[in-house]
Number of protein chains: 4
Amino acid sequence: MAIAITLLVLEIGVPHMDPGESLGAALGEQWPSYAAYAVSFLTIGIIWVNHHHLFSVIVRTDNTFLILNVVFLMTIAALPWPTALVAEFIREEGARTTATAVYGLNMTSIAIMFNAVWRYAARGHRLLAPNADPAGIHKVSASYLSGPITYLAATLIAFANAWVSLAIFAALALYWLIPGTGPTVELLRGPGGEERSEHGSAG
Amino acid sequence: MAIAITLLVLEIGVPHMDPGESLGAALGEQWPSYAAYAVSFLTIGIIWVNHHHLFSVIVRTDNTFLILNVVFLMTIAALPWPTALVAEFIREEGARTTATAVYGLNMTSIAIMFNAVWRYAARGHRLLAPNADPAGIHKVSASYLSGPITYLAATLIAFANAWVSLAIFAALALYWLIPGTGPTVELLRGPGGEERSEHGSAG
Amino acid sequence: MAIAITLLVLEIGVPHMDPGESLGAALGEQWPSYAAYAVSFLTIGIIWVNHHHLFSVIVRTDNTFLILNVVFLMTIAALPWPTALVAEFIREEGARTTATAVYGLNMTSIAIMFNAVWRYAARGHRLLAPNADPAGIHKVSASYLSGPITYLAATLIAFANAWVSLAIFAALALYWLIPGTGPTVELLRGPGGEERSEHGSAG
Amino acid sequence: MAIAITLLVLEIGVPHMDPGESLGAALGEQWPSYAAYAVSFLTIGIIWVNHHHLFSVIVRTDNTFLILNVVFLMTIAALPWPTALVAEFIREEGARTTATAVYGLNMTSIAIMFNAVWRYAARGHRLLAPNADPAGIHKVSASYLSGPITYLAATLIAFANAWVSLAIFAALALYWLIPGTGPTVELLRGPGGEERSEHGSAG
């Protein structure tokens, strides 16, 4: 995930200037590249934060779980490509719709696979910690269902108006930056329920 | 491995449209790139799952083992290049055979090196945990032998018909997605034999 | 961070030689690329050393902290792009100013987000180890404030003279290479206060 | 290091075929790219094995050590660029010498920084484990001195004959693949002296 997120920048090229054009103007024309970079980066970043949160309660792995993770990562690693597609074709009427739809389908696939990974781990507490909180697990499972539905809806809207669709993707990425909107459900019971980082005290 | 897998997407370019062509048609023409991306990604992903499984029983390293791993990773890191080669030349009669053969040779090299890494660690339980299960180790060693043979055979088939060869590579990648086809052999004896993830309980 | 730093080299291309030109001369003309590579690499490297130092005292994470880190990493991951911009346009009068200003704004954003990440963790010792030293924490917080101010000032200077601005960015990167200029403030109290690496003794 | 090593493949492009040329012939012409890929990959791989060996005895870090590591990694991360340079210009008389010299200088810088990182850690056992073996430390320090000297000599030979110089770089990379040529000096005393991997027993 860290690698996919960092590769995004490679899709932003150094601009070519027309004769007599200033670099400032050339950079200004490139704005779809910057916007697409930020939206894709933040979206993967937020998925990463949620993934991190879930792995505080997932304490085992098995074969099927790893394979599901491979497919999940395949959908994430693919994102730089539709990101470049949207940045390239956002100004062209017909192509804009196609590029946005491809981007949306990739986003929807990510959301579906994220659910698949979590649901596989959570079903019957298959891979969860013994002190996993059933109520919290249930709440999280329910809340994640809205992801694929929202992204699929935003993708379908692209066929009516690609701008509205893109605005929804951007709004979703920005929304999660607001403090308090992230994963707040407590997944573990008891005094050990507080999430800890992987950093030990050096004392 | 995670890096090689993520770099694959860089080989899929933004399509160039001929005048009057729609983006949808241009994307459709790029299908070999997407297929090659998915097959290579899934293949490396499945190797990674198997590698992970083996490292539950490999608890030491030595010099030769690390060098073997370097050569193994060299064959994996090279894969984005023949992947791009196949995607580029799949539509051209003569070049298709050459590109497929190069792809197949890379796949065969990966399978050979995977065996070399494992066999070096497993011979006389050289680098294995004290509670490694001899029967499980033997079974895994035998089953991995089929890898280089299968991939070499699929590579040779390319000289008769490259499409058949490519179909075999794709089928092998998809086959391992079926639940229950992955590494199921128990490598450790006793109550500690259950595979654990690297994630500790947060409780 | 390790990934962004390593991707920088991809922005240095193999030079094109004019007819009759030697490779030595063509490489000589590419000097802005090498200089920009070194300055950006060292700057990210020094941020990484400081980040490592701070994480010896940060022992918890929460949601907002992770999101702040995502935005911080977004500013770092973007750096290869303005680095390439400066290398490309350093020889052109007007474009040089614009390219340097973009580079400086990216540097300033990194410095601001670095402060935000640290201040969020340190406020009221929110995410710090129990034996964090209040005096050391306070000193570090105060000293990091100079980062955004210095980089913003150097960015504004670009509009008067881009060369001076670039010289300041280079000087700041080289300054931190001098032994004794790095993070020396003790962040933990007592006998356990000495910073330890993550490497355990093999004995 | 893992990232720099994996990026090397991006410098091998899909070949352009002249009209009437077969893909096999076009690939054959690209052999310098494959040779340069293998030599650079194996060289970084061997450095990584040695680095891993040394870090079994280095158990602390400090500021200067981290900065030295940043500069060391900068020289390694730069290697894909001279690798591409050699692959591109190996067939042109004058440019071959320049490209080989640049490659050799990068190799020499890596060897110098590797020594600097180790010597800083080992001087007066500054960052070493309490049970570090003084005789072993001394032997390793002495043996690493030959690295910068050998690579500098091979670089200077490029000005007489670039092919000889390149053959030495290739021979050095292949030499270390021979079992028993790697880091065999025992760095730790006593029963805990055996090198362990970072993988714990799952039992």
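Please read these numbers as outputs of a predicted model, since none were measured by experiment.

Cut-offs applied
What you see as residue numbers is a count from 1 along each chain, following the sequence as written. Whichever chain is written first is A, and whichever ligand is written first is 1; the rest continue in order. Where local features are concerned, this predicted model is filtered to residues with pLDDT of at least 70; where side-chain atom pairs are given and counted, the filter is 80 or more; whole-chain, interface and lining totals use all residues. By the criteria applied, helices consist of DSSP H or I runs no shorter than four residues and strands consist of E runs no shorter than two, each listed in order from the N terminus. Here a residue counts as buried when 20 or more other C-beta atoms fall within 10 Å of its C-beta, as exposed when 12 or fewer do, and as partly exposed in between; the C-beta atoms come from the backbone. Residue pairs qualify as contacts under a 7 Å threshold applied to their C-beta atoms, which are placed from the backbone. Helix axes are fitted to C-alpha atoms over the stretch in contact, other axes to C-alpha atoms as well, and angles between N-to-C directions run from 0 to 180 degrees. Here is the rule for angles: anything less than 35 degrees is roughly parallel, anything more than 145 is roughly antiparallel, 65 through 115 is roughly perpendicular, and the remaining ranges are oblique. Helix crossings get a hand from a simple test, with the near helix turned counterclockwise from the far one by less than a right angle marking a left-handed crossing and a clockwise turn marking a right-handed one. Residue type decides the class: Asp, Glu, Lys and Arg count as charged, Ala, Val, Leu, Ile, Met, Phe, Trp, Tyr, Cys and Pro as nonpolar, and the leftover types, Gly among them, as polar. Remark: nonpolar core denotes a set of buried Ala, Val, Leu, Ile, Met, Phe, Trp, Tyr and Cys residues whose joining runs through C-beta atoms within 7 Å. Least squares is the method for superposing the copies, and the C-alpha atoms it fits come from residues with pLDDT of at least 70 in both. Working rule for helices: expected span equals 1.5 Å times residues minus one. Arc definition: directions from the helix axis to the C-beta atoms. Values of pLDDT, ranging from 0 to 100, describe the predictor's confidence in every residue of the model.

Considering the overall build of chain A
Broken down by element type, chain A carries nine helices and zero strands. Along its sequence from the N terminus, chain A presents helices and strands in the succession α-α-α-α-α-α-α-α-α. Overall size of chain A, expressed as C-alpha extent along the three principal axes, is 65 × 45 × 35 Å. Looking at chain A residue by residue over its 203 residues, the buried ones come to 43%. A sequence separation of at least 24 residues applies to 78% of the contacts in chain A between residues at least 6 apart.

Some details on the packing of helix α5 (residues 80-89) of chain C against helix α6 (residues 93-122) of chain C
Residue and element names in this part refer to chain C. Remark: α5 packs on α6, axes separated minimally by 9 Å, with the N-to-C direction vectors making an angle of 160°. Considering the angle they form, α5 stands roughly antiparallel to α6. For the element pair α5 and α6, the recorded crossing hand is left-handed. Taken together, the residues of α6 that come into contact with α5 (itself represented by P82, L85, V86 and F89) are A95, R96, A99, T100, V102, Y103 and N106. For the contact of α5 with α6, a count of residues per class yields eight nonpolar, two polar and one charged.

Some remarks on the nonpolar core
Ranked by size, the top nonpolar core spans 252 residues in total, and within it L128 of chain A, L128 of chain B, L128 of chain C together with L128 of chain D carry the most contacts. With residues near it in sequence (within four places) discarded, L128 of chain C still touches V57, I58, V59, A121, A122 and I137 of chain C.

Some details on the interface of chain A and chain C
In this assembly, 30 residues from chain A lie in contact with 35 residues from chain C. Every element with two or more residues in the side of chain A that touches chain C is listed here: α1 (2-7), α2 (23-29) and α3 (31-54) of chain A. Ranked by residues supplied to the side of chain A that touches chain C, first place goes to α3 of chain A with six residues. Considering only residue class, the side of chain A that touches chain C consists of 17 nonpolar, twelve polar and one charged.

Looking at the relation of the copies chain D and chain C
Mapping chain D onto chain C calls for a screw motion: a turn of 90° about the axis and a shift of 0.0 Å along it, with 0.0 Å RMSD after fitting. In short, the pair behaves as if placed about a four-fold rotation axis. Closest to the rotation axis within chain D is the C-alpha of I3 of chain D, separated from it by 4.7 Å. When you check the interface residues of chain D against chain C, a mere 9% turn up at the interface there too, and the two sides of the contact use different surfaces.

With respect to helix α6 (residues 93-122) of chain D
Residues and elements named next belong to chain D. For α6, which comprises 30 residues, the first-to-last C-alpha distance of 44 Å matches the rise-based estimate of 44 Å (1.5 Å per residue) to within 8%. Taken across its 30 residues, α6 has 22 buried, putting it largely inside the fold. Two residues or fewer past α6, G124 is found with a positive phi of approximately 60°.

Focus on the interface of chain D and chain C
If you look at the interface, chain D gives 35 residues, while chain C gives 28 residues. Going through the elements one at a time, α1 (2-7), α4 (63-77), α5 (80-89) and α6 of chain D are the ones with two or more residues in the side of chain D that touches chain C. Here the element with the most residues in the side of chain D that touches chain C is α4 of chain D; it accounts for seven residues. Residues belonging to the side of chain D that touches chain C are distributed by class as follows: 22 nonpolar, nine polar and four charged.

So, the arrangement of the chains
Between chain B and chain C there is no contact, and the shortest C-alpha to C-alpha separation is 9 Å. There is a gap between chain A and chain D: no contact, and a shortest C-alpha distance of 9 Å.

Some remarks on the relation of the copies chain A and chain C
Overlay of chain A on chain C (RMSD 0.0 Å): rotation 90°, translation along the axis 0.0 Å. In this assembly, only 10% of the residues forming the interface of chain A have copies in chain C that are likewise at the interface, indicating a heterologous arrangement.

Looking at unusual backbone geometry
Positive phi outside glycine occurs at H125 of chain A, with the angle close to 55°. In this fold, H125 of chain A is placed in the loop between α6 (93-122) and α7 (134-144).

Observations concerning the packing of helix α8 (residues 146-157) of chain D against helix α9 (residues 162-175) of chain D
All names here are of chain D. Closest axis-to-axis distance for the α8/α9 pair is 7 Å, and the angle between their directions is 155°. By the angle between their directions, the pair α8 and α9 is classed as roughly antiparallel. Contacts between α8 and α9 involve A154, T155 and I157 from the first element and V164, S165, I168 and F169 from the second. When the residues that make up the contact of α8 with α9 are grouped by side-chain class, the tally is five nonpolar, two polar and no charged.

Points about α8 of chain D
Residues and elements named next belong to chain D. In this model, α8 (twelve residues) spans 16 Å end to end at C-alpha, consistent with the 16 Å of a helix rising 1.5 Å per residue. Listed in full, the buried residues belonging to α8 are Y151, A154 and T155. For α8, the buried positions fall inside an angular range of 105° around the axis, keeping them on one side. Among the exposed residues of α8, those pointing more than 90 degrees away from its buried face are S146 and I149. Where α8 is buried, its residues meet α6 and α9.

Some remarks on the environment of T98 of chain B
Along the chain, the position of T98 of chain B falls in helix α6 (residues 93-122). Residue T98 of chain B is classed as buried on the basis of its 22 C-beta neighbours within 10 Å. Note: C-alpha distance between T98 of chain B and V49 of chain B (49 residues apart in sequence) is 30 Å. Beyond its immediate sequence surroundings of up to four residues, T98 of chain B is in contact with L23, G24 and L27 of chain D.

Here we look at the confidence of the model for chain A
Residues and elements named next belong to chain A. With 92% of its residues at a pLDDT of at least 70, chain A reaches an overall mean of 86. Note that residues 192-203 has pLDDT below 50 and, in this model, 29 contacts with residues that lie over four places away or in other chains. As scored by the predictor, the complex reaches a pTM of 0.87 and an ipTM of 0.85.

What to know about the environment of V49 of chain C
With respect to the element layout, V49 of chain C can be found in helix α3 (residues 31-54). Along the backbone, V49 of chain C and Y103 of chain C are 54 residues apart, and their C-alpha atoms lie at a distance of 21 Å.

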